[in-house]
Structure formats: C-alpha cells, structure tokens
Amino acid sequence: MELFVFRNYTVELFFNKFEKVEFSGYSDITKYSSSSSIYLWFYVVPIGNKSKVIQQEIENYLEKLELVLSVIPNEKTVVALTMEELFSFQYLNNDFEVKKAIYHYNINLFEKMEKYSNLKVFDFRNFTQNYSLDLLVDWKYFYLTDTIFNPKLAIFFYQWLNSKINSLLGIRKKCLIVDLDNTIWGGVLGEDGPEGIQLGGGYPGNVFKDFQKDILELSEKGIIIAVCSKNNEEDVLNFFQNHHEQILNTSHFSCMKINWYEKVANIKMIAEELNIGRDSIVFIDDNPVEQDFVRRTFPEIIVPEFPSQPYKLKLFFKNIYEAYFQVYSLTEEDKNKNLQYIENFQRKESIKNEFSMENHLSFLETQITVFKANEFNISRISQMTQKTNQFNLSTKRYSIDDIKNLIKLNYLILCIGVKDKFGDSGITGLAIIKLDLINKNAYIDSFLLSCRVLGRKIESCFLKIILNNLIDIEIFDITSNYIRSDKNIQVENFYQNHGFIETENCRIEKKYKIILGEKYIIEDYFKINVNYA
Amino acid sequence: MLEEKIKEVISKEFGIDMSDISNDFSQENTQNWDSLRHLNMIVELESVFELEFEPEEISVMYDLSSISKLVELKLLQK
C-alpha cells in the first residue's frame, strides 16, 4: 500500500516505520503522487502566538482540503485525521478562538464525508489520548526541524494507523470464542450454583453484565460469537434461560461447545462447523493454562491475556476490539453475518482428541505434593467436601469435627497440592479412605478434585498415588462407589475408566471393586513430592 | 562493545554492513547521510542508549569518532 501524506509540519520521522510513503511540501497541495492508493490528510494545529492568526490558518487548511478532494479521483481513498489540541495555551482565559477553530475544522471534516464518499475520517484523539502532551510533542525536535510529533512514538503511531487502515480495508477477525465461568460471568457455575454467580447488581457482577453488553454489540457489528466451556451443558443452558440479568442468550451464539473435552478439540470443531479459518478466531478464557494450550496448539489463533481484576474488562474489551475487530463502516452483510452462521450451524457431537495432550502436560511442569490430613489443612479438607460438586464421586459433606473423628478412626485421608509453571493452585484434591487393617481391605469413601485443576490428568495421577499407597501397606482389596448428584455426571464412569469392576448399579449409586496387583506407573511429566509429616 | 552498538545503529540507518563501517566513517564519505537520516540516527541512538542529546551535540555528531566520544561521555554522566 502506498501512502501519500499531505502535511503542514515535518512528520517524516513519525512515519519512519512505513515502507512506502511520500510527503507533500509543507502546506503545499500542488504536487502529489498520482499512483498512491491512500492519501492521508495530516494537518495539525499550527504552533503560533496570535490566536486570530492560528484560527485563520486552520480555516485555510479546510479550503486546501476541499481543493484536494475535488481533484483526487473518487476511486482513491483520502483519509483525514481529526485535529487535536497539541499545546493548550491561552493568553486570556476567555479566548476560545483556537478551540472554536479546531471544533469547526473537525465538524467540517465530518460534513465533507457526506459530500465525498472517498473521504474517511479517523479520530486522531484515539491515538493522542494515550500520551501526555509533554510526550506527544518534543520541543527539541520541533525547534530543530519543525518535527511536531515525538519521533520516539513512531512505532506506536505506525501500529495505530495500520490498524485503522486495516479497518478501512475490512481486514479483521471473524469470530470471538468465549469461555463462560469467570469470563462472561463471575464465579464457577458448577461449583457456586446459579445463585452464586456474579452477574448484574454490584461489583463485580456489574462488570460482567457490561462485558456481555459489549460482546452483544460485537455480534451486532457482524462478528460471530461462539462458546467453548468446560461445564455441564444442561446447567449452562438452564442458566442462560433463567438468569434475569443475562444479556447474552443461546440465540446469540453461532456455535456452543459445552462439555469436558479439551478446548483445542472444541475450537477446532467450531472452526470447521462455522467453516472459518482458525486464523480468523480470537479466543478469550480467564485460565492461563487453557490460554497457553490453545496458543501453542494453534499459534494462528489470537488468545489475549485475560485481566485478573474484573474492573479491567472494559479496557480489555476496547483493546481487543480495536486490535482485531474494528471496521470502518458496516455493510448489510456484516450486520447479518452472525445470523447466517447461527442458521447454518449444525451440531456434531463426535469428537476425536488428536492433539498432543502429553506435550502440553510436560510443558506445564506440574508438581503434585501429597499430604496427609493434619491440623493445618483440616479446615481446607472440610471446606473441599462442602464446596466441591462436579468432580466429586460421592458428594459426602464433612464438618471439621467429622474429619477429626475420621482421623481418630484411622481413616487414610490424603490430599494433594498442585503447582505448575503458571502458579500454585493450593490444595485441590482429596481422598478419604476407610481402612480395615485386619481383613486387609479398603473402601474409598470420598474422592474429589477442585475443577480448577481438571482436564490435566491429575485425577488419574491422584488415584494411582492412592492405590500405590494402599499397595505399600499391603491392602489389595478395594471397594468404591459413585453416588449420583445433580452436578457430578461427568465422573459417572471415572472408576470404570480406571479398571474398577462394577458390582452394583442402581439409579442413584454404582458400586465398584478392584483387586490390586503391581504398583501403578505414574507418567513422568508429573513430579510427585510426598509430605506426610 | 559500545562501538559495536553504535555501529549497529548506523548500519541499520544507512543500510551499510557493519564490517564496512571504518573508524573514519563520517558524513563526508557517506552518500546518503542527509538531514533526515541524521535525525533518524539520533532518535535511534537516543532510544538505544536511553540518552537525550542537546541540539548543540546533534550538530556535531557527523562522524563515528565524535558520536562514540559523546555517547561514552553522556553514559558516564548518567
């Protein structure tokens, strides 16, 4: 793309990141390259002393622009930047001549757009607002060379102007895929329940509600919206339908993948079902582990870092919108795009996990520390039995006193702390095992994991650790059970999948047994520490 | 080290191989050393070394040895 810049000051240094760019003479419109594809009208407030003179000068610029517009062929684009104050200085506080002239100049630009369809106006304030005037104007370079803008900002100006020009050319991403929990609402639906979700009302619910409004706006600007979340689908659908503060509803999403499969697999399917390239997707998820897995599996997908404080979502949205979704104006097709995708969308439930889970796991450098119940972790243990719903095989709730009692009865109570290169999740897994040392058997009374660490094979690893522990004390005859609740359907087949034999199956409960033999081998991408002190 | 970094900036700005930048490199023996490139080089040096040059200094920085001496001096004063 060749750029020709009409200017009234030295701006060459400000454009040094552009490859093909030519400049007019200062305030000169008589000579210009006819081969350029975009003409940039970049006139800034003149620096002067007499406000009357400045005002006349600005008026004069408008006449020049009118002339330029009348001679440049209609198929060429003329981009004009709005005029912004660069040096706010009044000899008299009641002298608003310069300000008035600037307003008039900008209003006139907007009006010219109606007359000249090839004129596009960019709000230059959108760039200048990021800098203080001290930084924006470098007086040393000004007096040396008439360079009005600080050359050190050249790279940022380049990025800004480029993204605006892309918006003009209609270059943008097509699809936003969102996670749900702690992303478009506060809290974890499966854990906190619908009543525990923060959406609407006071902080932080108001932020998430506003964020949903922003996403809705995005969909009205022709961006396809899709969901990819590890959750129970039924819970989510009910929640969308019944929560009165919900802005988005299922009809806004062109595709929803709500299940417990890996997100990379789901995202791949979303791209295929919507028939869009993965390079036109932006994926937002609050969990850095998920972000990283997607980023490394599909480097072509944009995965922005998600802010840790909800109040930062407003700025987060602005930044991703301007970087990836901005468009100069909407076509009819844009307006209906989301609708078309929704109509075309057909669900395919089959899935193949063809991604290298192993690679991801070894990259994470997960460290698992095994503890026995002690006075320091007993309240966390009780809390986990109270709060964990989804990955909880028997959903038995225990108070702190109950746990103390179980310890007295010689139950084996193990918990795990999980740490990886992204941080420490703390104690997130718990197993309570009733031991019968005389008859040499054991019963797994409780087995649960916080959903923060799910989807990383930690559950399997933890089970192996427990079973190896029992082998160590020569207990080989193990029983366990799954008790159905509203929320724990995802673990229905957990014991089966780990070699347990079903011995009984009624509506609310499944019973299992297993006879242990050799010790289990734990994958070497997990580092296991034992801390039984 | 310092010299190398300066040569890197010059090489980038004037499109010359580092090895071709001799010690007597100056505006006189460099064809495309115009005022715009000169300023671009100054801006680049300012950001690489986190320095600010005064206009009086900018007006003498027309050969490698004065550039080097000045950068060295300014870094010492920092």
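## As for the overall build of chain B
Piece 1. Summing up its helical and strand segments, chain B has four helices and zero strands in all.
Piece 2. Across chain B, contacts joining residues at least 24 apart in sequence account for 55% of those joining residues at least 6 apart.

## Concerning the packing of helix α8 (residues 205–220) of chain A against helix α12 (residues 313–325) of chain A
The description of two helices packed together rests on the angle between their axes and the distance between the axes.
Residues and elements named next belong to chain A.
Piece 1. The geometry of α8 relative to α12 is characterised by a closest axis approach of 10 Å and an angle of 15° between their N-to-C directions. Between α8 and α12, the angle falls in the class roughly parallel. In terms of crossing hand, the pair formed by α8 and α12 is right-handed. Of the residues in α12, those touching α8 at Val-207, Asp-210, Phe-211, Asp-214 and Leu-218 are Leu-313, Lys-314, Phe-317, Tyr-321 and Phe-325.
Piece 2. The residue inventory of the contact of α8 with α12, partitioned by class, reads seven nonpolar, no polar and three charged.

## Digging into the nonpolar core
All names here are of chain A.
Piece 1. In this structure, Ile-177 and Ala-226 are the most contacted members of the largest nonpolar core, which totals 87 residues.
Piece 2. Considering each element in turn, this core owes the most residues, eight residues, to helix α17 (residues 458–472).
Piece 3. When residues of this core are assigned to domains, at least three map to each of domain 2 (175–355) and domain 3 (364–531).
Piece 4. Each residue touching Ile-177, except ones within four places of it in the same chain, is listed here: Ala-226, Cys-228, Ile-267, Ile-270, Ile-281 and Phe-283.

## Remarks on the interface of chain B and chain A
Piece 1. Listed by partner, the interface residues are seven residues for chain B and eight residues for chain A.
Piece 2. Per-element accounting of the side of chain B that touches chain A gives the leading share, five residues, to helix α2 (residues 35–49) of chain B.
Piece 3. Grouping the amino acids of the side of chain B that touches chain A by side-chain chemistry returns five nonpolar, two polar and no charged.

## A closer look at the pairing of strand β6 (residues 175–178) of chain A
Residues and elements named next belong to chain A.
Piece 1. Going residue by residue along β6, you find Cys-175 and Ile-177 tucked away on one face and Leu-176 and Val-178 tucked away on the opposite face as well.
Piece 2. In the sheet, β6 pairs with strand β7 (residues 224–230) via four bridges, with the strands oriented parallel. In the sheet register, Val-178 faces β7, and the bridge partner there is Val-227.
Piece 3. One ladder, built from four bridges, connects β6 with strand β9 (residues 281–284); its direction is parallel. Across the sheet, Ile-177 pairs through a bridge with Phe-283, a residue of β9.

## Observations concerning the sheet that holds β6(A)
Residue and element names in this part refer to chain A.
Piece 1. If you trace the four strands from one edge of the open sheet to the other, you get β8-β7-β6-β9, paired in parallel fashion. The open sheet has two edge strands, β8 (255–259) and β9, and neither has a second partner. The mean angle between the axes of side-by-side strands here comes to 15°, regardless of whether they run parallel or antiparallel.

## With respect to the pairing of strand β4 (residues 77–81) of chain A
All names here are of chain A.
Piece 1. Of all five residues in β4, four are buried; the element is thus mostly enclosed.
Piece 2. Looking at chain direction, strand β3 (residues 38–42) and β4 are connected through four bridges and run parallel. Bridge assignment links Trp-41 to a residue of β4, and that residue is Ala-80.
Piece 3. Sheet analysis places β4 next to strand β5 (residues 119–122), joined by four bridges and oriented parallel. Bridge pairing in β5 links Val-78 to Leu-119.

## Thoughts on the packing of helix α10 (residues 263–274) of chain A against helix α11 (residues 288–297) of chain A
All names here are of chain A.
Piece 1. Following both chains from N to C, one finds α10 and α11 inclined at 55°, their axes separated by 9 Å at the closest point. Taken together, the axis directions place α10 and α11 in an arrangement best described as oblique. Considering how the two elements wind past one another, α10 and α11 form a crossing that is right-handed. Of the residues in α11, those touching α10 at Lys-263, Val-264 and Ile-267 are Glu-290, Phe-293, Val-294 and Thr-297.
Piece 2. Among the residues forming the contact of α10 with α11, the class breakdown is four nonpolar, one polar and two charged.

## Section: the sheet that holds strand β15 (residues 501–505) of chain A
The pairing of strands in a sheet happens through backbone hydrogen bonds and is either parallel or antiparallel.
Residues and elements named next belong to chain A.
Piece 1. The strand order β15-β16-β14-β13-β12-β11-β10-β17 describes an open sheet built from eight strands, whose pairing is mixed. Taken across any chain shown, the strands that pair with only one partner, and hence form the sheet edges, are β15 and β17 (526–531). For this sheet, the mean angle separating the axes of adjacent strands, direction not counted, is 25°.
Piece 2. Two elements, strand β13 (residues 441–449) and strand β14 (residues 477–483), share four bridges in a ladder whose sense is parallel. Bridged to Asn-441 within β14 is Asp-477.

Parameters at a glance
- Residues numbered from 1 in each chain as written.
- Chains lettered and ligands numbered in written order.
- Predicted model: local features only at pLDDT ≥ 70, side-chain atom pairs only at ≥ 80, totals over all residues.
- Helix = DSSP H or I, 4+ residues; strand = E, 2+ residues; numbered from the N terminus.
- Contact = placed C-beta atoms within 7 Å.
- Axes fitted to C-alpha atoms, helices over the stretch in contact; angles between N-to-C directions.
- Parallel < 35°, antiparallel > 145°, perpendicular 65-115°, else oblique.
- Left-handed = near helix turned anticlockwise from the far one by under 90°.
- Nonpolar A, V, L, I, M, F, W, Y, C, P; charged D, E, K, R; others polar.
- Core = buried A, V, L, I, M, F, W, Y, C linked by C-beta atoms within 7 Å.
- Buried ≥ 20, exposed ≤ 12 C-beta atoms within 10 Å, placed from the backbone.
- Domains from an automatic or database assignment.
- Pairing = 2+ DSSP bridges.

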